[in-house]
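As a plain string of letters, each chain reads:
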Amino acid sequence: MTARVLVLGGSFAGMTAALSIKSDLGGEVAVTVVSASDRFVFNPSLIWLPFGRRGRTDITFPLEPTFTKRGVTFVHGAATFVDPEHHRVETTEGTLDYDYLVIATGYRNDLDVVPGMRDTPTITTLHDAERTYDAWRRFLDDPGDVVIGATQRASCFGAAYEFLFNTSYQLRRAGLHGKVKLTYVTSEPFAGHFGIDGMPGAKPLMKMFAKKEGITVESNQ
Ligand SMILES: Cc1cc2nc3c(=O)[nH]c(=O)nc-3n(C[C@H](O)[C@H](O)[C@H](O)COP(=O)(O)OP(=O)(O)OC[C@H]3O[C@@H](n4cnc5c(N)ncnc54)[C@H](O)[C@@H]3O)c2cc1C
């Protein structure tokens, strides 16, 4: 009997799961992916959008052809209810039954974790990174001090550091380096902690780079 595998989410985790399962088990499985987004977004490149170094089409591609080519059914829709007892998922595109379920729906921003942050530009989704592009343009028209933050429960501090040092570089290009104050506020106990208790040499390196770039660091000591 062909096992029905249902994968929710078509990004790094969902795509890897769906394609690996299909590749390993071939005709033994019927794999379906349901994704709220019809495009793959290469999140690590979101850091380039605010400065116009990359655009939406540079860092995304359509999911459907990738899955279809490999014998995986793609449904563009959102899962709205999981019924594990009856092995069933309700989606915006109808109800789907499964024998095996993979949930790979990723992270969500918690913009209420810091009061007032709702209107703050972020780089954590495609839409937000594009809004941050607009914010950067407005900043160039009317420059002032810059604060870059990594909040409580942030899970990818590397992105925050990439964006921080990118910003420093872009300030230099705009002739603003040293004229506006750049501050990094982080929930980490020290810069270079990365939420994983640091990496070899990261703490002194971050200290050195922050000093070199004139960045003030406010950590959660
Ligand atoms: C700016 C930035 C830079 C990063 N840089 C790196 C890096 O350099 N290296 C690294 O390893 N990691 C990096 N990360 C982290 C990495 O992007 C995430 O760990 C990764 O995206 C998680 O993949 P995922 O498939 O679990 O979830 P996600 O990428 O969040 O994807 C979830 C998918 O599920 C879909 N979905 C959500 N809800 C539903 C629903 N109800 N029904 C159906 N589909 C749904 C979404 O549309 C999305 O397609 C970075 C993250 C950011 C934001």
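- If you look the chain up in an unreviewed UniProt entry, it shows as FAD/NAD(P)-binding domain-containing protein from Isoptericola chiayiensis.

**A closer look at the overall build of the chain**
Part 1 of the reasoning: A count of helical and extended segments in the chain gives five helices and 12 strands.
Part 2 of the reasoning: Principal-axis analysis of the C-alpha atoms gives the chain an extent of 65 × 35 × 30 Å.
Part 3 of the reasoning: Expressed as a percentage of the 221 residues in the chain, the buried residues total 38%.
Part 4 of the reasoning: Of all intrachain contacts in the chain linking residues separated by at least 6 positions in sequence, the fraction that spans at least 24 positions is 67%.
Part 5 of the reasoning: As presented, the chain carries roughly 12,900 Å² of accessible surface, and 54% of it is formed by carbon and sulfur atoms.
Part 6 of the reasoning: With 23 positive and 25 negative side-chain charges, the chain shows a spacing of 10 Å between the two charge centroids.

**Here we look at the nonpolar core**
Across soluble globular proteins, nonpolar side chains show a tendency to be buried alongside one another.
Part 1 of the reasoning: The biggest cluster of nonpolar side chains holds 24 residues, and the ones touching the most others in it are Phe139, Ile148, Tyr161, Leu164, Leu171, Leu182 and Tyr184.
Part 2 of the reasoning: Contributing elements (two or more residues each) for this core: helix 3 (126-141), strand 10 (146-150), helix 4 (157-173), strand 11 (182-186) and helix 5 (202-213).
Part 3 of the reasoning: A total of six residues in this core trace back to one element, the largest contributor, which is helix 4.
Part 4 of the reasoning: Apart from the residues lying within four places of it in its own chain, the contact partners of Phe139 are Gly144, Val146, Leu171, Leu176 and Val180.
Part 5 of the reasoning: One finds Ala3, Met15, Val31 and Phe67 within the second-largest nonpolar core, a separate group that totals 14 residues.

**Focus: the domain arrangement of the chain**
Part 1 of the reasoning: Looking at the chain, the domain boundaries give domain 1 (3-103) and domain 2 (143-218).
Part 2 of the reasoning: A separation of 34 Å is found between the C-alpha centroids of domain 1 and domain 2.
Part 3 of the reasoning: In this assembly, five residues from domain 1 lie in contact with eight residues from domain 2.
Part 4 of the reasoning: Together, Ile47, Phe51 and Arg53 form the three largest contributors to the area buried by domain 1 at its contact with domain 2, with a combined 83%.
Part 5 of the reasoning: In this structure, the connection of domain 1 to domain 2 is made through zero salt bridges.

**Topic: the side chain of Ser168**
Part 1 of the reasoning: Its location among the elements puts Ser168 in helix 4.
Part 2 of the reasoning: Ser168 gets classed as buried once you look at its relative accessible area, which sits at 0%.
Part 3 of the reasoning: If near-sequence neighbours (up to four positions away) are discounted, Ser168 is found in contact with His177, Leu182, Glu213 and Ile215.

**A closer look at the sheet that holds strand 5 (residues 73-76)**
Part 1 of the reasoning: The four strands lie next to each other as 5-2-1-9, forming an open sheet whose pairing is parallel. The two strands at the open ends of the sheet, each matched to only one other strand, are strand 5 and strand 9 (100-103). Going from strand to strand, the sheet's axes swing by 20° on average, the running direction of each strand aside.
Part 2 of the reasoning: By the bridge criterion, four bridges tie strand 2 (residues 29-35) to strand 5 in an arrangement that is parallel. Residue pairing for strand 5: Val34 is matched across the bridge by Val75.
Part 3 of the reasoning: Sitting on the sheet, helix 1 (residues 12-25) touches strand 1 (3-8), strand 2 and strand 9, and the angle it makes with strand 2 is about 170°.

Basis of the calculations
Residues numbered from 1 in each chain as written. Predicted model: local features only at pLDDT ≥ 70, side-chain atom pairs only at ≥ 80, totals over all residues. Heavy atoms only, no water. Helix = DSSP H or I, 4+ residues; strand = E, 2+ residues; numbered from the N terminus. Buried < 20%, exposed > 50% of the residue type's maximum accessible area, 1.4 Å probe, protein only. Contact = heavy atoms within 4.5 Å. Areas by Shrake-Rupley, 256 points an atom, 1.4 Å probe, with all protein chains shown as cover. Lys, Arg positive; Asp, Glu negative; His and termini not counted. Charge placed at Lys NZ, Arg CZ, Asp CG, Glu CD. Core = buried A, V, L, I, M, F, W, Y, C linked by side-chain atoms within 4.5 Å. Domains from an automatic or database assignment. Buried area = accessible area lost by both parts, 1.4 Å probe. Salt bridge = Lys/Arg side-chain N within 4 Å of Asp/Glu carboxyl O. Pairing = 2+ DSSP bridges. Axes fitted to C-alpha atoms, helices over the stretch in contact; angles between N-to-C directions.

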